[in-house]
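What the coordinates show
Listed below, chain by chain, are the residues.
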Amino acid sequence: MGIMKFGGRITKNLFSKPPTLNFLAEPREYTERTRGHVSFDNSDCILCNICGRKCPTKAIHADKTARTITIERMGCIQCGYCVDSCPKACLSMERNYTDPDSSKTVDVFNVPVKEKPKEETQ
Amino acid sequence: MNQEFKEIEYSEIPALAKRMLAGGYRMVQICGVTKEGENELVYSFDKDHEMVSYKVHVPFGTTIGSITPEYWAAFVYENEIHDLFGVEFTDSKLDYKGNFFRMSVKTPWKGAEKKDEGAA
Amino acid sequence: MGKRTIVPFGPQHPALPEPIHLDLELEDEKVVRAIPSIGYVHRGLEKLAETRDYEQMTYVMERVCGICSFGHSYGYTGAVEGLMDIEIPDRAKYLRVIFHELSRVHSHLLWLGLLADAMGFDSLFMHCWRIREKVLDVFEEITGARVIMSFCKVGGVRKDVTPEMLNKVAGVCNEIEKEVRKTGMVFMKDTSVRNRLVGKGILSKQEVIDLSAVGPVARGSGFDNDVRTTEPTYKALGFEPILRDEGDCYARCMVRVDEIIQSMNLIRTAIKDIPTGDFCVPVKGSVPVGDFAYRVEQPRGEGFYYVQGNGTKNLSRARVRTPTNINIPALVKTLQGCDLQDVTMLVLTIDPCISCTER
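Residues numbered from 1 in each chain as written. Chains lettered and ligands numbered in written order. Predicted model: local features only at pLDDT ≥ 70, side-chain atom pairs only at ≥ 80, totals over all residues.

**So, the overall build of chain C**
Let me state the cut-off plainly: In this text, helices come from DSSP runs of H or I with a minimum length of four residues, and strands from runs of E with a minimum of two, each type numbered from the N-terminal end. Here the globule rule is a power law, 2.2 Å times the number of residues to the power 0.38, and the radius of gyration is based on C-alpha atoms. Burial is judged by counting other C-beta atoms within 10 Å of a residue's own C-beta: 20 or more means buried, 12 or fewer means exposed, and anything between counts as partly exposed, with every C-beta placed from the backbone. What counts as a contact is two residues whose backbone-derived C-beta atoms lie within 7 Å of each other.
In terms of regular secondary structure, chain C is built from 13 helices and eight strands. Expected size for 359 residues packed as a compact globule is a radius of gyration near 21 Å; at 21 Å, chain C falls within 12% of this value. Taken along its principal axes, the extent of the C-alpha atoms in chain C is 70 × 45 × 35 Å. The proportion of buried residues among the 359 residues of chain C is 50%. For chain C, contacts bridging at least 24 residues in sequence account for 69% of all contacts bridging at least 6.

This is the structure in structure tokens:
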């Protein structure tokens with residue numbers, strides 16, 4: 001008989017819980033390697049702009065005169081190329097995705113001037 | 001991966017297609033490359049997992065014989081190259097006359113004209 | 001002599017996953033001729049090769065299409081490595097094969113769901129996509145993203161995979177195989193599904209050779225042009241192409257179901273045999289002058305990647321010829337003489353991926 005081939009699966013589904021997640025009521029679980037958004041730690045940055053040269057969409061760039069790092073959140077494709085190529089390892093990839101917004105969010109980070117360590121005189 | 005690249009003249013293309021069909025080759029693709037003053041086309045054929053490609057230099061304004069009488073499926077590539085690069089094909093079995101690819105700009109991938117060298 | 005009308009099919013249609021326009025010339029419900037035209041999703045991605053260097057172009061190439069995304073990055077990096085004469089380590093080759101086969105599984109499951117949806121069999125569509133979710137969860141855990149994986153780079157792969165992750169992949173393969181065998185039976189034996197597929201859109205072997213069709217469309221009619229037959233890594237895993245003789249929609253559907261089971265076996269063998277070692281080699285410098293062509297067997301057929309270098313860091317041409325591009329003439333041929341109600345089935349059996357065609 002060629003009908004009701006799917007019957008066993010359908011009856012099993014009547015008595016089990018759904019495979020989908022009740023999102024916004026239950027939180028989404030991200031894995032360890034999920035590429036969500038790029039975060040910046042300004043303690044070692046030397047404003048070389050290698051990240052700006054490597055970015056495929058030009059979403060991140062370093063401004064030497066203003067001493068800032070600008071990341072356009074909506075232009076970033078979360079590829080991780082800037083994270084891999086930063087020579088001082090200032091950039092890292094976080095897990096959660098950028099929140100949706102009605103305008104294109106731009107994040108600006110300040111890079112403070114590093115104080116030279118005081119030389120010890122003998 | 002086995003591959004060979006050979007160069008031929010654009011006037012020999014219809015004869016090449018007849019030779020390939022008689023030899024039992026399957027057509028793989030036709031590609032266009034943007035260059036100054038000319039377009040470069042690459043024709044690829046395959047038989048029993050071995051591939052051979054032919055490069056053709058086509059100056060702006062020349063017409064090439066179409067290979068659709070032998071390989072009907074080539075109409076997809078020839079119309080696309082006509083719409084994007086501006087190369088004209090004659091004796092085509094299915095000619096869209098520029099309406100295959102719907103775009104707002106005509107021949108967007110055609111290269112710049114060759115700059116004149118030396119003063120007149 | 002019946003009355004002739006022209007019915008426009010697409011670009012918006014509930015059965016089509018992506019926009020394509022077909023002008024169907026009808027004579028009393030039988031299609032006499034079909035004329036395709038494309039250009040609705042053209043983004044001009046190949047032109048970006050002139051302003052991005054070859055490393056950044058990897059990220060552009062994998063965004064040509066969402067379903068066949070891994071195949072594009074695999075083919076493009078293979079072509080650039082051939083041009084620069086780089087030999088990647090064996091572990092990277094095996095990892096690429098494992099992910100390429102997983103990508104084939106997810107693409108075929110997606111297509112089976114779309115076929116069921118076009119028939120109106122919505123619960124079968126949901127079940128196929130539920131099975132597919134397991135593959136996407138594996139992708140996220142190992143590479144970091146579900147669809148656009150960014151896993152391949154010129155010189156190897158970006159991250160290593162631990163043995164625990166590989167064991168998890170093998171476990172997921174076992175679960176999927178059990179479910180696909182049961183769901184595949186529905187496609188094979190159910191009367192309502194068979195009525196829509198058997199005997200429709202028949203392509204003989206000679207027609208397939210004349211039209212240069214690729215992929216399951218050609219293998220459903222008995223013509224073997226699977227690129228994996230001559231690749232050394234696949235030969236070491238014992239790959240044999242799957243062929244069928246009937247040449248109708250049912251044969252093409254069954255080729256894809258059998259390919260899912262075959263991919264499961266290939267993945268399990270690759271996980272058992274994977275060598276240890278480096279997962280990438282460092283690559284520096286600009287691209288030499290010359291050109292290279294590379295072919296990859298994507299889920300939809302043979303994908304062709306051509307790169308041309310000119311001595312700088314930017315490539316002068318990066319070209320993708322996707323399998324749907326060459327299957328469109330085969331589609332036009334099958335549509336001649338069919339009934340109007342079979343048009344959606346025939347358009348779907350060539351597995352159209354129009355974003356790939358138009359780049």
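**Some thoughts on the overall build of chain B**
Of regular secondary structure, chain B possesses two helices and six strands. Secondary structure elements of chain B occur, N-terminal to C-terminal, as β-α-β-β-β-β-α-β. Every one of the 120 residues in chain B was classed for burial, and the buried ones make up 36%. Across chain B, every contact between residues at least 6 apart in sequence was considered, and the portion connecting residues at least 24 apart equals 49%.

**Describing the arrangement of the chains**
Sorting the two pairs of chains in contact by contact count puts chains B and C at the top. The least C-alpha distance between chain A and chain B, which are not in contact, is 21 Å.

**Here's the deal with the sheet that holds strand E5 (residues 106-110) of chain A**
All names here are of chain A. Rules: Note on pairing: two strands pair once DSSP finds at least 2 bridges between them. Angles shown run from 0 to 180 degrees and are taken between the N-to-C directions of axes, each axis being a line fitted to C-alpha atoms and, for helices, limited to the stretch in contact.
The strand order across the open sheet formed by three strands is E2-E3-E5, and the pairing between neighbours is antiparallel. Whereas interior strands pair on both sides, the edge strands pair on one side only; in this sheet they are strand E2 (60-63) and E5. Across this sheet, the average inter-strand angle for adjacent strands is 20°, counted without regard to direction. The pairing of strand E3 (residues 68-72) with E5 spans five bridges and is classified as antiparallel. Within E5, the residue paired with Ile69 across the bridge is Phe109.

**Describing the interface of chain B and chain C**
Short version of the rule: The nonpolar class holds Ala, Val, Leu, Ile, Met, Phe, Trp, Tyr, Cys and Pro. Asp, Glu, Lys and Arg form the charged class, and all remaining residues, Gly among them, are polar.
If you look at the interface, chain B gives 25 residues, while chain C gives 27 residues. Contributing elements (two or more residues each) for the side of chain B that touches chain C: strand E1 (3-8), strand E2 (26-34), strand E3 (38-47), strand E4 (50-59) and helix H2 (75-85) of chain B. Among the elements that make up the side of chain B that touches chain C, the one with the highest residue count is E2 of chain B (six residues). Of the residues assigned to the side of chain B that touches chain C, the class counts are 17 nonpolar, six polar and two charged.

**Some details on the nonpolar core**
Most often, soluble globular proteins have nonpolar side chains that are buried together. Defined as follows: Joined through C-beta atoms within 7 Å, a set of buried Ala, Val, Leu, Ile, Met, Phe, Trp, Tyr and Cys residues constitutes a nonpolar core.
Core analysis: the largest hydrophobic core is formed by 151 residues, its most contacted members being Ala79, Tyr305 and Val307 of chain C. With sequence-adjacent residues up to four places away left out, Ala79 of chain C is seen in contact with Phe292, Ala293, Tyr294, Tyr305, Tyr306 and Val307 of chain C.

**A word on the sheet that holds strand E3 (residues 30-37) of chain C**
Residues and elements named next belong to chain C. Across the sheet, which stays open at both edges, the three strands sit in the order E1-E2-E3 with antiparallel pairing between neighbours. The outermost strands of the open sheet, each flanked by one partner alone, are strand E1 (4-9) and E3. Taken over all neighbouring pairs, the strand axes of this sheet differ in orientation by 20° on average, direction set aside.

**Points about the interface of chain A and chain C**
Taken together, the 16 residues of chain A in the interface contact 21 residues of chain C. Taken together, the residues that form the side of chain A that touches chain C break down as eight nonpolar, four polar and four charged.

**So, the packing of helix H3 (residues 90-119) of chain C against helix H4 (residues 122-143) of chain C**
All names here are of chain C. We apply this condition: Roughly parallel covers angles under 35 degrees, roughly antiparallel covers those over 145, roughly perpendicular covers 65 to 115, and oblique covers all other angles. Note: crossing handedness is left-handed where the near helix turns anticlockwise from the far helix by less than a right angle, and right-handed where it turns clockwise.
Between H3 and H4, the least distance of the axes is 8 Å, while the angle of their chain directions is 165°. Relative to H4, H3 is oriented roughly antiparallel. The chirality of how H3 crosses H4 is left-handed. Residue-level inspection shows Leu102, Val105, His106, Leu109, Leu110, Leu112, Gly113, Ala116 and Asp117 of H3 in contact with H4, the latter providing Asp122, Leu124, Phe125, Cys128, Trp129, Ile131, Arg132, Val135, Leu136 and Val138. Tallied by class, residues from the contact of H3 with H4 come to 14 nonpolar, two polar and three charged.

**Observations concerning helix H2 (residues 69-84) of chain C**
Residues and elements named next belong to chain C. The cut-off we apply is this: How far a helix is expected to stretch is found by multiplying one less than its residue total by 1.5 Å.
Taking 1.5 Å per residue as the helical rise, H2 with its 16 residues ought to reach 22 Å, and the 23 Å between its terminal C-alpha atoms agrees with that figure. With respect to burial, H2 is a largely interior element, 13 of its 16 residues being buried. Just downstream of H2, Asp85 is the residue with a positive phi angle, here 60°.

**Notes on the pairing of E3 of chain B**
Residues and elements named next belong to chain B. Counting buried positions along E3 yields seven of ten residues, so the element is predominantly enclosed. In this sheet, E3 lies alongside E2 in antiparallel orientation, the contact comprising eight bridges. Paired with Gln29 across the two strands is Ser44, which belongs to E3. Both E3 and E4 contribute to a ladder of ten bridges, which runs antiparallel. Following the sheet pairing, Val42 is matched in E4 by Lys55.

**Thoughts on the environment of Glu36 of chain B**
Residues and elements named next belong to chain B. Secondary-structure assignment places Glu36 in the loop between E2 and E3. Judged by local crowding, Glu36 falls into the exposed class, with 10 C-beta atoms found within 10 Å. In the structure, Glu36 is positioned 64 residues away from Phe100 in sequence and 25 Å away in space, judged by C-alpha atoms.

Function cannot be inferred from these measures alone, as they are strictly geometric.
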